[in-house]
Each structure stands twice: as structure tokens, then as C-alpha cells.
Amino acid sequence: MSRALATDSHSILGAARQASPAALDPARLPAHVAVIMDGNGRWARRRGLPRVMGHRAGVEALKRTLRLCSDWGIGALTAYAFSTENWNRPGEEVSFLMALFERVLQRELQALERERVRIRFLGDLTPLPEGLQRLIAEATGRTAANDGIHFNVCTNYGGRAELVGAARRLAERAARGELDPAAIDEASFAAELHTAGECDPDLLIRTSGEQRISNFLLWQLAYAELHITEVLWPDFDEAALLAALLDYQNRQRRFGGIDPAH
Ligand code: IPE
Ligand code: IPE
Ligand code: MG
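Residues numbered from 1 in each chain as written. Chains lettered and ligands numbered in written order. Predicted model: local features only at pLDDT ≥ 70, side-chain atom pairs only at ≥ 80, totals over all residues. Heavy atoms only, no water.

Enquirer: Got a sec to walk through the pattern of salt bridges? Specific residues and values, please.
Expert: Pairing is possible between side chains that carry opposite charge, provided their charged atoms lie close to one another. On inspection of all chains with the given rule, the structure shows 23 salt bridges. Salt-bridge contacts for E108 lead to R107; the nearest nitrogen and oxygen are separated by 3.5 Å. A relative accessible area of 48% means that R107 is categorised as partly exposed. (Salt bridge = Lys/Arg side-chain N within 4 Å of Asp/Glu carboxyl O. Buried < 20%, exposed > 50% of the residue type's maximum accessible area, 1.4 Å probe, protein only.)

Enquirer: Tell me what's going on with unusual backbone geometry, and back it up with residues and numbers.
Expert: When glycine is set aside, most residues are seen to have a negative phi, and most peptide bonds are trans. Phi is positive for R116, close to 65°, though the residue is something other than glycine. Structurally, the position occupied by R116 is in the loop between α3 (91-114) and β3 (118-122). In this structure, S214 is a non-glycine residue whose phi angle is positive, near 50°. With respect to the secondary-structure elements, S214 resides in the loop between β5 (203-206) and β6 (225-228). (Helix = DSSP H or I, 4+ residues; strand = E, 2+ residues; numbered from the N terminus.)

Enquirer: A description of the site of ligand 2 should follow, citing residues and the corresponding values.
Expert: In the vicinity of ligand 2, the contacting residues are I36, M37, D38, Y80, A81, F82, N86, R89, R206, R212 and S214. Measuring from an oxygen atom of ligand 2, one finds a side-chain N or O atom of N86 at 2.9 Å. Within the contact set of ligand 2, an oxygen atom lies 3.2 Å away from a side-chain nitrogen or oxygen of R89. In isolation ligand 2 has 390 Å² of accessible area, and contact with the protein removes 77% of it. (Near = heavy atom within 4 Å. Polar contact = N/O pair within 3.5 Å; in protein donor to acceptor, adjacent residues only side chain to side chain. Areas by Shrake-Rupley, 256 points an atom, 1.4 Å probe, with all protein chains shown as cover.)

Enquirer: Could you give an account of the nonpolar core, naming the residues involved and the relevant values?
Expert: Burial of nonpolar side chains together is a common tendency in soluble globular proteins. Among the nonpolar cores identified, the biggest contains 43 residues, and L77, I119, F151, I205, L241 and L245 are the most heavily contacted of them. With residues near it in sequence (within four places) discarded, L241 still touches L68, C69, W72, I205 and F236. Judged by nonpolar contacts, the second largest core, of 11 residues, contains Y80, C154, L204 and A224. (Core = buried A, V, L, I, M, F, W, Y, C linked by side-chain atoms within 4.5 Å. Contact = heavy atoms within 4.5 Å.)

Interpretation note: all reported values are geometric properties and have no functional meaning in isolation.
Right under this line is the structure:
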């Protein structure tokens, strides 16, 4: 049962709390799960609906996934909601997504607070609509001290932009004489990333069968286990999450070392 949720019998966003499935080994859960939520457009197209209806259904899948991760005791969930390249989509789709983010955050903030979720938005937030930026600041502030699951929503996030930003800030400090370049190491570099303070994802899930990273968490995924499923994001449910976690629990993580059993 989640350490996040203390007293009532309801979990995030009103649904009944779920015990973790018996097939899962609670001692070998990933501490941090990252997900590339892909396939919303195809989900809608298959139903003869406009693409944006897929995004709306995708929100439900994200709520479901957050609830399950929290209930099952996963420490952090990082979801790719909008990439730096997604601005290349038609203007109407981008506007719909921005309005959707704002509406959902407004609607769910109280529940997130109640369930002790700590929400953060990773990415360059300055090009987002002002109302959304204000709401993000409010949600981040109001949930900052929460001791439940860390829920990171990557919004206008790009791995390359993140790395360049980190390099630039370190270079500026070095140029001002505040930092010895020889003192830059992996830890001080990671501390400049949006994910500072968060452990690296143990498991990356990508839905809709695409076998690529799409500029997501380029540094942080260095040793993540990859689980790619054909399931389209709006269809991602308890069975799909369980399959990903069981797949993860069957992997042998070696981090460049050797498997002592062989
Ligand atoms: C992922 O679904 C959601 C975002 C990128 C915002 P897509 O919109 O990429 O869905 P497909 O890949 O076109 O099916
Ligand atoms: C990745 O999906 C970005 C998000 C899920 C937010 P895309 O659909 O944008 O990725 P590509 O274009 O297929 O690589
Ligand atoms: Mg896509």
C-alpha cells in the first residue's frame, strides 16, 4: 500500500485504492518510472475521432497510471506531456493541449494535494501561456512539501535543450570565476538538470510501439530498462502497467558489470 496515502479508503482522484498485484515483488519495484505517452492521435483516428480526443483520453490514462504507481509504492513517475518539438504540430492541436493542461491541473489540484502528491513540471516553462504558468507555479508550491509520489510532468521538455542549459550555467559560473572547470563532475552536472534531486528512472515505458527516445531524458535514461508496448497511450491500463513492471522485474541490471550467476 502506498506510503503516500494515509487514512481514507480512496486514492488519487477519487478511485478506490488498489493493493499491488501478488505477481509483483514489492522489494524489486522500480523507484522511478518514466513514460513516453505516445499514440493518442492514432487511438483517436482508429475511432474516427479528431486527434485531440485522443489527448483527452490520454489524460485519463495518466490519472490511472499515477494512481496505480502511487498505490503500488513507486516513488516517482515522470511523464512526457509535450516536447520541444511538439510546437511543430498544427496550431489548433497545440492550443488544445495547452488549454487541456490548464483545465486538468485546475480540476485535479485539490486531489493531488489531498493525496500528498508532489507535482513538478520539467522543461522550459516560459513559452507556455501565462495562465498555465501561474497555475503550474501554484501547483508546484502547494505540493512541494508533500511526502507522496513525485509526479514530474515534462512540458516543453527537450533533452538536448536541458543539457545545453546545464552546460551554459556551469560555463557562466566558471567565466565569473566561481567554479573551477576541473571540479565539474557527473554529480554537479546532474544537479543542473530539471530532474535535480530525483534518482534516474529505472524503467522507461513507451507506448504505441515506437522504438525511439524522441529527445526524452537523454542523460537520465543512461541505464534505464526499456519497455516498449504496442498499447496506445489512452488504452494504457492496470494490465499494461503490470506487464511493464513484470518485464522490468525479469531483467538483470548489470550497469556495465557482470552477472555473478554466470
Ligand atoms: C502523444 O500522442 C501525445 C503528445 C505528443 C502530446 P501523439 O499525439 O503523438 O499520438 P500519435 O503518435 O500521433 O498517435
Ligand atoms: C514524444 O512523442 C513526445 C511526447 C509523448 C510528449 P512524439 O509523438 O512527439 O514523438 P515522435 O515525433 O513520434 O518521435
Ligand atoms: Mg506520437
